[in-house]
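# Geometric and topological summary
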There are 2 protein chains.
Amino acid sequence: MRFEQLHLFATILSCGSFAAAGRLLHLSQPSITASLNVLEAEVGQRLLERTPGQRRPVRPTAAGEIFATFARKALADYRGMLSAVTLSSDAPQTPVRIGVTPTPGSSLLPVLTNKFREENPTLTVQVKTFRGTELARRLKEGEFDLGVTGTRPQDDGIVFERFFYDPLVLIAPVRMGLSGPITLRELKRLPLIVRDASGNLMRLLIQALNRVGLSLAQMNVVMQVSGNNDVLSSVTLGAGVGFVARSLLAANRENHDIMVVPVRRLQVARYVYMLRRESSSFTGGMRLFWEYAMGTEWREHVFSYNTMML
Amino acid sequence: MRFEQLHLFATILSCGSFAAAGRLLHLSQPSITASLNVLEAEVGQRLLERTPGQRRPVRPTAAGEIFATFARKALADYRGMLSAVTLSSDAPQTPVRIGVTPTPGSSLLPVLTNKFREENPTLTVQVKTFRGTELARRLKEGEFDLGVTGTRPQDDGIVFERFFYDPLVLIAPVRMGLSGPITLRELKRLPLIVRDASGNLMRLLIQALNRVGLSLAQMNVVMQVSGNNDVLSSVTLGAGVGFVARSLLAANRENHDIMVVPVRRLQVARYVYMLRRESSSFTGGMRLFWEYAMGTEWREHVFSYNTMML
DNA sequence: GTCTGTTACGGCGCACGTAACAATT
DNA sequence: AATTGTTACGTGCGCCGTAACAGAC
């Protein structure tokens, strides 16, 4: 029995389906099925009533209920132990210094670090924003300990792990009256607000357009702004439509003036990575933050949608 | 993180050394080292102060203390969950029927079943003793659900797992005045009490003697009895020396009239196996008993020596 | 010599991904 | 058509064993 299995089980329950849990945990559906099967074999009882096809959430059996409470308690104990053990020996608590690129820095990091601080009040977390080109260099120079960016780093000497799926979505003012998925043809005619071409997001957008036979020049670009939040506010004010990271929306979800508009055939996938120097070992705080970010607790409520594409 | 690792860690602590834990858990020393290394890497802290060579027990670090309490609690919770889940669904509790050969039946099973009943008062356990030749057949015929024997079964259709190391040891009356390890030459002259040649233990003894160039005919056999307890009582009464399963001694450890006498170069290793039909699935009680027997809790206090040879 | 724990190396099983499928909405 | 869960199959990593080693009694 592994704690990962407990985590998996708890995730399936809170997600309501194997598939959603798989997306959240970066696992394929078949892996979920297989893992749950071995778990049930190990326990000797069926734990979940599957509901293939039907959109109803999976329901735990009687044994599954017992197991669920056990799993949640064991996971909480585990996190408590990890925290206690880490804090026990690392007597002079070094602060966790985090470097981040603008996009995750304006959406993900605020949520993540706030939740982390709530659960670890004795630790200090410092966040500083850099442009993507500088991030890896400054990380290697030791200016900070952990990096968060949407670009996969090339440098060796840096190890990284994917921990968040954060695609670009098209947002439009509600009063524009768009409904349902629109076609690429319709997209071309909409007034588009974009960021400066130097950033990672714009590069991804252009690539995605190219894949479906479009270029930025063919679009009806009406405005160019400098940051994600600028796109968001411009769209909110009704100036046009624009692409932003989905996480940015979730972090500002009280906004009722805008809506997400799917575009047929156009998908701008994007992952967020956490980086650290290969050479430097974890300090206690670093380890806790890393584990916390990889986990799913902090995503709940704010980023409660499925966090990864298939 | 796996519960097996927690179990390993707890076992190392209670045993006091890697090697002893390895013997108890049927693992090699290098595996213990490796497993503990990955555990410590996972936790991010050194958990045990090693004491190579020195006979002092290994000591947990500060982090190790925290981890130990976590491990013990988690394991207890796990067992509780397993028990609750098993009992939840198996409404009509079928009794666990166990068949056993004479030797383990007179030493191991009484201890094991008593402890098991204490922890699972709602379950009923029925033990019946058979000769080795009948055990497998009756198991396959469904006369009982689990078998316990010192002979490795050949039949297919039966799956088994080794769960106890129970070598033969030479016992002698204290008043005989033997001390320290004796030689094979000295053994040949001692008055020896043996069992009937049909049993598994005698076969093992003869094999072991053959390996060091001796045969039973060369020994000074003064008495032949029919069971293990008969050997024990005869030796206790001072009639001679004899070989008995070590577990039998442990189960009767208040006996101060006899002593164990090591014999140089002579080792009669012997394992005890638990059997079940391959086809039949576990019932709840079966599963609990199987898991309990494989575990180490019931061995403490009574069988507190190392339970497995290298 | 006997016990401890470590390192190096090889094999085998387990866990995961991909692909193709069935079933429900 | 889209989604959910299942089965079949290939692959890579991790666990464990064996062997050889170093250090403390």
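Residues numbered from 1 in each chain as written. Chains lettered and ligands numbered in written order. Predicted model: local features only at pLDDT ≥ 70, side-chain atom pairs only at ≥ 80, totals over all residues. Heavy atoms only, no water.

What follows covers the relation of the copies chain B and chain A. Superposing chain B onto chain A requires a rotation of 180° together with a translation of 0.0 Å along the rotation axis, leaving an RMSD of 0.2 Å. In symmetry terms, the pair is related by a two-fold rotation axis. It is B:R2 whose C-alpha, among those of chain B, lies nearest the rotation axis, at 2.0 Å. Mapped onto chain A, 100% of the interface residues of chain B are again interface residues, and the two copies thus contact each other with one and the same surface. (Least-squares fit on C-alpha atoms with pLDDT ≥ 70 in both. Contact = heavy atoms within 4.5 Å.)

What follows is about the sheet that holds strand β5 (residues 146-149) of chain A. All names here are of chain A. As summarised here, the arrangement of the five strands in space is β4-β3-β5-β12-β6, forming an open sheet in which the pairing is mixed. Where the open sheet ends on each side, the last strands, each with one partner, are β4 (125-129) and β6 (158-165). Between one strand axis and the next, the sheet turns through 25° on average, direction left out of account. Inspection of the sheet shows β6 paired to strand β12 (residues 271-277) by seven bridges, in the antiparallel sense. By the bridge assignment for β12, R162 is matched with Y273. Relative to β12, helix α11 (residues 284-294) is tilted by about 165°, and along the sheet it contacts β3 (96-100), β4, β5, β6 and β12. (Pairing = 2+ DSSP bridges. Helix = DSSP H or I, 4+ residues; strand = E, 2+ residues; numbered from the N terminus. Axes fitted to C-alpha atoms, helices over the stretch in contact; angles between N-to-C directions.)

Now for the confidence of the model for chain A. Segments scoring low in pLDDT should not have their predicted coordinates read at a detailed level. This prediction gives chain A a mean pLDDT of 87; 95% of its residues lie at or above 70. Within the model, the stretch residues 305-310 of chain A combines pLDDT values under 50 with 22 contacts to residues more than four positions away or in other chains. (pLDDT = per-residue confidence, 0-100.)

Time to look at the side chain of B:T11. Structurally, the position occupied by B:T11 is in helix α1 (residues 3-15). When residues no more than four places from it in sequence are discounted, the contact partners of B:T11 are B:A21, B:L24 and B:L25.

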